[in-house]
Amino acid sequence: MEPMTPISCPTTPRWNQDRPFLTGRFHQETRASSRFDDSKRFTPDSSSNSGVDQAIGCYDTPVQELIVIDDLLSAMVGIEGRYISIKRFHGKEESIAFQELAKRIFPLCECFLLIDQFVESSSQFKNGLVNHAFAAALRALLLDYQAMVAQLEHQFRLGRLSLQGLWFYCQPMMGSMRALAAVIHQASAKNFVGSAVLNLLQSQAKAMAGDNSVRSLLEKMTECASNAYLSILERWVYEGIIDDPYGEFFIAENRSLKKESLSQDSTAKYWSQRYSLKETIPGFLANIAATILTTGKYLNVMRECGHNVQVPISERSKLTIFGSNHHYLECIKAAHEFASKELVSLIKDKYDLIGRLRSIKHYLLLDQGDFLVHFMDIARDELNKKVHGISVEKLQVLWSALFIYLALRTTAAAADPRHEDLTCCVDRASLLTTLGMHKDSDSNSIEDLVSITGLETFSLSYKVQWPLSIVISKKALSKYQLIFRFLFHCKHVERQLCGAWQIHQGIRSMNSNGTAIRRSSLLCRSMLKFISSLLHYLTFEASREFSFSCVLEPNWHVMHDRLQSTKSVDEVIQHHDFFLDKCLRGCLLLLPDVLKKMEKLKSVCLQYAAATQWLISSSIDINSQPHSQKTMIRDATVTESIFNFEREFNSELQSLGPVLSKGSQAEPYLTHLSQWILGVSKE
């Protein structure tokens, strides 16, 4: 995924630095007029350097206690006293500590300073909404804390507060302040924002299972900090919009990927990478993160279709992570069900997904291939050219003419208004090269350009508009085209053999029954049965004669039935991809050894079909002429040629059987095809 664009945040107002007493920043700064030196360790005696105050030991014990209490009350809200000062330690991380008397209360003072400093720094825009909300909750807590200090000071002014009493009243706050300070220290050290802050608070709350008051406080802080985060989540699952100004949400949006790329990108990255999960996910959402992701994606798709659908107000609930027995999970699941149902309904009903898939099946899977027979006839000259000499524009004109003058009147294509979405295309490599089944792709690419024709590389493309391109993406269409090319070439081989068989039938009517002709007739019938049965196996219903299942039709019905009951677009994509992968494998396109054998057999059949006219005419001439040494030599040549074709075809056919049997261990359906192959070869 491409890196996210840096997020620009508003700058902190200038007065936030110029007037620290308005923001609490004076706690974080050492006053220039301080009477204490930061580099010294302070004792009562060292405080008399200023000449203003006497050493605390000069006073009576009761007076010393009053002075210490007065200083401690000031220290508890971050203000230096006469004998208690702030010591600042500079290191990798700056920390603040109190030094002087009553050290047991000093940790509380230090925690207050740390929390107060975090509240101030986290309130800056760049720290994000979660830190803003957390800081607001801490600020409210500090107000209660300061109110407690004010009450203690009031008791002190009335003469009712001793040092021991001060310690007694401070103890209940000690654990909570220490726990919060520990969270803040870790969050500040690692610059946590967003999900990381929520996970830290939640983990600390679980760690405090033995202290109910501290655990409750941390849970309250988690709830307050998560409110802003859940507001982002609500817009995503209810409207399909990411309203995340500081990049805190656990779903990332890659704006560089556009929906138009689905019809151009063979990897179909848009659906999987336009919106994706980040590594840091709030723990309370981890188990349902994938559901949240798809919910917003579905709503987003409908919005980009101009179908502005949102989860109805009556079905929306404020998401909260505590109380109501995890009510937020039920809300998210309800939103997901609504979005899934609406989008599936949209692509099935308004955009007629099933109709589109059926149209693609007609043309690219040769479901009703009568139009293809006519196209082979009218485009024969162009398709017989080498790849570099083919005019795709001329093929397109011929294709359009076919539908205008012939197909619309005489074939099933007339009933399909979507034929205009079809366009002709020609690949520049053979099927084996396209599938990566040649070891040296460069040399074979050059060989392809020299040897192959449009009959091996012709294909059809299909225009698919948004949002159907989510399902029928460029990647899916590429799989359809691979199947089409294989079937188209098989159809071409069948037609060539049919032409050769017609020649043999014509000779039979002339009562020309020479040995070579009879031999050639038997070979032609075997070849024709091989290629016709292969096409039958790939495209039509199960064979009654051989009892094997075909590939495309049953798999189509399985996918069609599954699509009727799908509840989400991801299920639709999954069923469609499964159908295509199963068809690719069933059509032998993912089995290199088997496919190479099939291509070799087709090559032998084409060579024989091309030579049939010469073989038959030569055999007739020999039978009509008186026997001589010249005719005997010619007869032997013709007979040897037929025998060579027969031997090569039978040899390749027999060698295909073991290859299929070996592959049937991983692909059981090859067992039926293997039985059929052996049956053909024995005829």
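Calculation rules
Residues numbered from 1 in each chain as written. Predicted model: local features only at pLDDT ≥ 70, side-chain atom pairs only at ≥ 80, totals over all residues. Heavy atoms only, no water. UniProt positions renumbered as here; feature names shortened; annotations may be inferred. Helix = DSSP H or I, 4+ residues; strand = E, 2+ residues; numbered from the N terminus. Areas by Shrake-Rupley, 256 points an atom, 1.4 Å probe, with all protein chains shown as cover. Expected span 1.5 Å × (residues − 1). Buried < 20%, exposed > 50% of the residue type's maximum accessible area, 1.4 Å probe, protein only. Core = buried A, V, L, I, M, F, W, Y, C linked by side-chain atoms within 4.5 Å. Salt bridge = Lys/Arg side-chain N within 4 Å of Asp/Glu carboxyl O. Lys, Arg positive; Asp, Glu negative; His and termini not counted. Polar contact = N/O pair within 3.5 Å; in protein donor to acceptor, adjacent residues only side chain to side chain. Contact = heavy atoms within 4.5 Å. Pairing = 2+ DSSP bridges. Axes fitted to C-alpha atoms, helices over the stretch in contact; angles between N-to-C directions. Parallel < 35°, antiparallel > 145°, perpendicular 65-115°, else oblique. Nonpolar A, V, L, I, M, F, W, Y, C, P; charged D, E, K, R; others polar.

Looking at an unreviewed UniProt entry, the protein carries the name Gamma-tubulin complex component, with the source organism given as Brassica oleracea. Quoted verbatim from the Function (unreviewed entry) heading of the UniProt record, the comment on the protein is "Component of the gamma-tubulin ring complex (gTuRC) which mediates microtubule nucleation." The UniProt entry for the protein carries the following comment under Sequence similarities (unreviewed entry): "Belongs to the TUBGCP family."

### Regarding the overall build of the protein
When its secondary structure is counted, the protein shows 25 helices and 6 strands. Accessible area for the protein stands at about 33,200 Å²; split by element, carbon and sulfur atoms hold 52% of it.

### A word on helix α3 (residues 61–75)
Quick reminder: α-helices carry 3.6 residues per turn. Residues three or four places apart thus point the same way. Its 15 residues place the ends of α3 21 Å apart at the C-alpha level, agreeing with the 21 Å of an ideal helix rising 1.5 Å per residue. Every buried residue of α3 is listed here: I67, V68, I69, D71, L72, L73 and A75.

### Digging into the nonpolar core
Ranked by size, the top nonpolar core spans 186 residues in total, and within it M76, F134, L166, L285 and I292 carry the most contacts. In terms of residues, this core owes the most to one element, helix α19 (residues 474–509), which gives 13 residues.

### Examining the pattern of salt bridges
A full pass over the atoms with the stated rule returns 21 salt bridges. A salt bridge links R157 to E153, with the shortest nitrogen-to-oxygen separation between them at 3.1 Å. Of this pair, R157 and E153 both sit in helix α5 (residues 128–157), 4 residues apart, which is roughly one turn of that helix. The exposure class assigned to E153 is partly exposed, which follows from its relative accessible area of 32%. In this structure, the salt-bridge partner of D421 is R356, at a minimum N-O distance of 2.4 Å. One end of the pair, D421, is in the loop between α15 (392–410) and β5 (422–426); the other, R356, is in helix α12 (residues 353–364), with 65 residues separating them in the sequence.

### Quick look at the side chain of K348
Considering the arrangement of structural elements, one finds K348 in helix α11 (residues 327–350). Among buried charged residues, K348 stands out as having no salt bridge; its nearest opposite-charge side chain is D349, 7.5 Å away. A polar atom in the side chain of K348 sits 3.4 Å from the side chain of T566. Excluding anything up to four places from it in sequence, K348 contacts L353, L563, Q564, S565 and T566.

### With respect to the environment of R518
Within the element layout of this structure, R518 appears in helix α20 (residues 515–539). Overall, the relative accessible area of 45% leaves R518 in the partly exposed class. Between the C-alpha atoms of R518 and H504, which are 14 residues apart in sequence, the distance is 8.8 Å.

### Some details on the pairing of β5
Across a regular strand the side chains alternate sides, sitting on one face of the sheet and then on the other. Alternating positions in β5 separate cleanly, L422, C424 and V426 being buried on one face and T423 and C425 remaining unburied on the opposite face. Looking at chain direction, β5 and strand β6 (residues 458–462) are connected through 5 bridges and run antiparallel. If you follow C425 over to β6, its bridge partner there is S459.

### Brief notes about the packing of α12 against helix α21 (residues 552–564)
At a closest axis distance of 12 Å, the pairing of α12 and α21 adopts a crossing angle of 175°. Put simply, α12 runs roughly antiparallel to α21. Side by side, α12 and α21 meet where I354, L357, R358 and K361 of the first sit next to E553, W556, M559, H560, L563 and Q564 of the second. Of the residues assigned to the contact of α12 with α21, the class counts are 5 nonpolar, 2 polar and 3 charged.

### Brief notes about the side chain of E248
With respect to the helices and strands, the residue E248 is situated in the loop between α8 (212–239) and β3 (251–253). This buried residue, E248, is left without a salt bridge; K278 holds the nearest opposite charge, at 9.0 Å. Of note is the side chain of E248, whose polar atom sits 3.0 Å from the backbone nitrogen of V130. Contact partners of E248, with chain neighbours within four places excluded, come to N127, G128, L129, V130, N131, G194, S195, Y229 and K278.

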